[in-house]
Amino acid sequence: MGRALVHIVVSKYGKIDNEEVSKVFEAMEECYSQLAPHDVSLVDLYLFERSSSVIAFFAKEYRKFGVVSAHFDERFFAMHDAWRGIPRITLSFEKMKELPELVRIGGIRHEVGHSVLHGNLRYYILSAPPALLEIADRFNLSFECVTNLLYLVSIAVKDYEVTRLLHQRGYIEDQINYAKHLLQVSEEERLSWELSRGKPAAEALCLISYLKTGGCAVPFLLDKKFGEEMKQRLMESRSYLPSDRSALLLKVIEEGFTSLETDTLENVALMTGKCKPIFEAVFNR
């Protein structure tokens, strides 16, 4: 523990301005120093000019490692993984150029936080916890559905843990702006929900996928300055859901994440249990 000096190994794909690379380096190095002590000494940094190249690259990468449910969501400009055994941060400059500075810096720091907390393969190879196995057995869920639900719960938990850490270390304004960005409703989300209605497995996947953005908002709900606004944003972000589904989701977000402690794998199991009311409401028809 205690090493703040991190060796960042860069791989560039496409034309990327060196000045922009320097800004990313500066943000990462400052954040690693602020988050010390930690065990990160080496991190891969993959920089892509275009989002389409990111998607194609990781489709091939995940096939190589046999990853079933992980993917690079087109809505996000940054991601972290450890499928090669060391932390890897990936940025899409095409997406970043569209965003305000505070959102960009907030996203970069968010991925640095992941590398500090989740930069090990053990956080990506997960076994279904008892609560999810029970739901799968009760409602005869497919292996693919169970795998995807577990993946969605795990990324939500990890996002919450990162935001909690950054909040504790004094990163407020940029993380607030990053969370607000994530809480913006996309047409793809609305369409995804409409297409899922009446299909229990699809509805469950939609609702559980919303935990990711909720997890990034929760650490700020008790903030005296931003708490009320963040709660309002959280409610508005799912206003298109039926009232019963929205209320249930918000209850799980507010009560589930705040019950989590420090062990990520235990937190995934605990949060899966907290999601049981969602599973029961969707599948118990």
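Now for a description of the structure that goes with this document. All values reported here derive from a predicted model rather than from experimental measurement.

Rules used in this analysis
Residues numbered from 1 in each chain as written. Predicted model: local features only at pLDDT ≥ 70, side-chain atom pairs only at ≥ 80, totals over all residues. Heavy atoms only, no water. Phe/Tyr/Trp six-rings, centres within 6.5 Å; stacked < 30°, edge-to-face > 60°. Helix = DSSP H or I, 4+ residues; strand = E, 2+ residues; numbered from the N terminus. Buried < 20%, exposed > 50% of the residue type's maximum accessible area, 1.4 Å probe, protein only. Axes fitted to C-alpha atoms, helices over the stretch in contact; angles between N-to-C directions. Parallel < 35°, antiparallel > 145°, perpendicular 65-115°, else oblique. Left-handed = near helix turned anticlockwise from the far one by under 90°. Contact = heavy atoms within 4.5 Å. Nonpolar A, V, L, I, M, F, W, Y, C, P; charged D, E, K, R; others polar.

**Concerning the packing of aromatic side chains**
No. 1: Summed over all chains, the structure comprises eleven aromatic pairs.
No. 2: Both rings, one in Y13 and one in Y46, keep their centres 5.8 Å apart while their planes meet at 40 degrees; by these two values the pair is tilted. Remark: Y46 occurs in strand 2 (residues 42–48) and Y13 occurs in strand 1 (residues 7–13); sequence separation between them is 33 residues.
No. 3: Residue class for Y46 comes out buried when judged on its relative accessible area of 9%.
No. 4: Each ring, one from Y13 and one from F57, has its centre 5.5 Å from the other, and the planes form 50 degrees; the classification is tilted. Of this pair, Y13 sits in strand 1 while F57 sits in helix 2 (residues 51–65); the two residues are 44 residues apart in sequence, bridging distant segments of the chain.

**Remarks on the packing of helix 6 (residues 143–168) against helix 13 (residues 264–274)**
No. 1: In the contact formed by helix 6 and helix 13, the axes pass within 9 Å of each other and the chain directions differ by 120 degrees. The orientation of helix 6 relative to helix 13 falls into the category oblique. Judged by the twist between their axes, the crossing of helix 6 over helix 13 is right-handed. Residues L150, V153, S154, V157, K158, E161 and R164 of helix 6 form the contact with helix 13, whose participating residues are T264, N267, V268, M271 and T272.
No. 2: Of the residues assigned to the contact of helix 6 with helix 13, the class counts are five nonpolar, four polar and three charged.

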